[in-house]
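Single-letter residue listing:
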Amino acid sequence: MQIDLSGRTALVTGSTQGIGAAIATGLARAGATVGINGRSGDRVEEAIGRLRGDAPGAEFVPVTADVTTEEGARRAAEALPRVDILVNNLGIFDSADPLEITDDEWRRYFEVNVLAAVRLVRQYLPGMSGRGWGRIQNIASDSAVVIPAEMIHYGMSKTALLAVTRGFAKQAAGTGVTVNSVIAGPTHTGGVEDFVYGLVDRDLAWDEAQRVFMREYRPQSLIQRLIEPEEIANMVVYLASDQASATTGGALRVDGGYVDSILP
Ligand SMILES: NC(=O)c1ccc[n+]([C@@H]2O[C@H](COP(=O)([O-])OP(=O)(O)OC[C@H]3O[C@@H](n4cnc5c(N)ncnc54)[C@H](OP(=O)(O)O)[C@@H]3O)[C@@H](O)[C@H]2O)c1
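Residues numbered from 1 in each chain as written. Predicted model: local features only at pLDDT ≥ 70, side-chain atom pairs only at ≥ 80, totals over all residues. Heavy atoms only, no water.

The chain is annotated in an unreviewed UniProt entry as SDR family oxidoreductase from Streptomyces xanthii. Its UniProt record gives the chain the following Sequence similarities (unreviewed entry) comment, quoted word for word: "Belongs to the short-chain dehydrogenases/reductases (SDR) family." (UniProt positions renumbered as here; feature names shortened; annotations may be inferred.)

So, about the environment of Thr69. Structurally, Thr69 can be placed in the loop between β3 (60-64) and α3 (70-79). In sequence terms Thr69 and Ser221 are 152 residues apart; their C-alpha atoms lie 35 Å from each other. Separated by 2.8 Å, the side chain of Thr69 and the backbone nitrogen of Gly72 make a polar contact. (Helix = DSSP H or I, 4+ residues; strand = E, 2+ residues; numbered from the N terminus. Polar contact = N/O pair within 3.5 Å; in protein donor to acceptor, adjacent residues only side chain to side chain.)

Here we take up the pattern of salt bridges. Following the criterion strictly, the structure yields 10 salt bridges and no others. Here Glu150 makes a salt bridge to Arg218, at a shortest N to O gap of 3.7 Å. Here Glu150, found in the loop between β5 (134-141) and α5 (152-171), pairs with Arg218, found in the loop between α7 (206-217) and α8 (229-239); they are 68 residues apart in sequence, far enough to count as distant. This pair shows no difference in class: Glu150 is buried, exactly as Arg218 is. Close ionic contact of Glu208 with Arg211 constitutes a salt bridge, the shortest N to O distance being 3.2 Å. (Salt bridge = Lys/Arg side-chain N within 4 Å of Asp/Glu carboxyl O. Buried < 20%, exposed > 50% of the residue type's maximum accessible area, 1.4 Å probe, protein only.)

Turning to helix α1 (residues 18-29), a few remarks are in order. Between its first and last C-alpha, α1 extends 17 Å over 12 residues, near the 16 Å set by a 1.5 Å rise per residue. Most of α1 sits out of view: 10 of its 12 residues are buried. Those residues of α1 that fall on the buried side of the exposure criterion are Ile19, Gly20, Ala21, Ala22, Ile23, Ala24, Thr25, Gly26, Leu27 and Ala28. (Expected span 1.5 Å × (residues − 1).)

A few words on the packing of aromatic side chains. This structure, assessed with the given rule, holds 5 aromatic pairs. Arranged with centres 6.4 Å apart and planes meeting at 80°, the rings of Phe93 and Phe195 form a pair that is edge-to-face. Residue Phe93 is located in the loop between β4 (85-88) and α4 (103-131), and its partner Phe195 is located in helix α6 (residues 190-199); the two are separated by 102 residues in the primary sequence. On the basis of relative accessibility, which here comes to 32%, the residue Phe93 falls in the partly exposed class. (Phe/Tyr/Trp six-rings, centres within 6.5 Å; stacked < 30°, edge-to-face > 60°.)

Taken together, 29 residues lie near the ligand, and Thr16, Asp66, Asn89, Tyr154 and Thr187 sit nearest. The side chain of Asp66 places a nitrogen or oxygen atom 2.7 Å from a nitrogen atom of the ligand. Between the ligand and Thr187 there is a distance of 2.7 Å, counted from an oxygen atom to a backbone nitrogen or oxygen. Protein contacts shield 92% of the accessible area of the ligand, which totals 900 Å² for the unbound molecule. Spatially, the ligand is embedded in the largest pocket. Take the shell around the ligand: its biggest share by element is 3 residues, from β5. Looking at side-chain class alone, the shell around the ligand contains 11 nonpolar, 14 polar and 4 charged residues. (Near = heavy atom within 4 Å. Areas by Shrake-Rupley, 256 points an atom, 1.4 Å probe, with all protein chains shown as cover. 1 Å grid on protein atoms, 1.4 Å probe; cavity = no way out; pocket = protein on both sides within 12 Å on 5 of 7 lines; lining within 4 Å. Sits in = over half its atoms within 2 Å of the grid points. Nonpolar A, V, L, I, M, F, W, Y, C, P; charged D, E, K, R; others polar.)

This is how it looks when you write it as structure tokens:
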């Protein structure tokens, strides 16, 4: 299958590192112009420098904005007025005692992980529908389906994102715009290394820390290793392609078999 995204413009939120950077690389290698988003100009420029090495000849647009705010969404629209492929990747996660999570923290998880994505969908979906082609993808998590006791607020936000995805897919019915979510499983990113070391002995070397984490906290994983960010990016690139035109309103899993379910 030859995926060609040339002529398409993508925005990947939270793409200075981790899964977002891998998605940006994948889309750029397939020919898309990609908006790189983070909160600081230095981090965005540094990321673009790295990505140019990973996707030679590709075109990147800096989108320096905190897209979890209304002002940030406006700045994104100024930097990239036309977006054909929107990937709402940005998300925060942490572990917390469920009884200790404050109201403000619940609200913050909703604002950052759900409302920011909704705002960008509102911003870009009408243009996509008008042009008769578009791809919206929301990066969800296994925690949307299998709520970890130590991450209820995070799980709640990702479950909400699945609901939002299905709803906007209906809103976009018949327009040529597809809306899907990608259920990522435990993935090997810098953020997750910090998270893992919050739960296991900090003195363990990374390989051993990963093994202990998977055995004790993610025993359901069928691959018993963390997923590499590129493995998530491969699904996102496919969903962004012309070839994926009949896939919409769905939740596609790249979770290493973590969610114990036959249906996706
Ligand atoms: N890692 C996993 O195991 C895993 C598993 C399942 C799902 N996911 C989901 O995958 C997504 C990416 O996770 P990740 O682990 O790759 O994240 P990460 O390594 O923590 O990266 C977060 C990215 O978001 C940017 N960012 C944070 N707040 C921002 C804001 N307010 N405005 C703009 N950019 C912001 C950061 O850039 P700056 O710091 O430069 O602003 C960075 O590029 C999240 O939605 C997460 O829930 C992750």
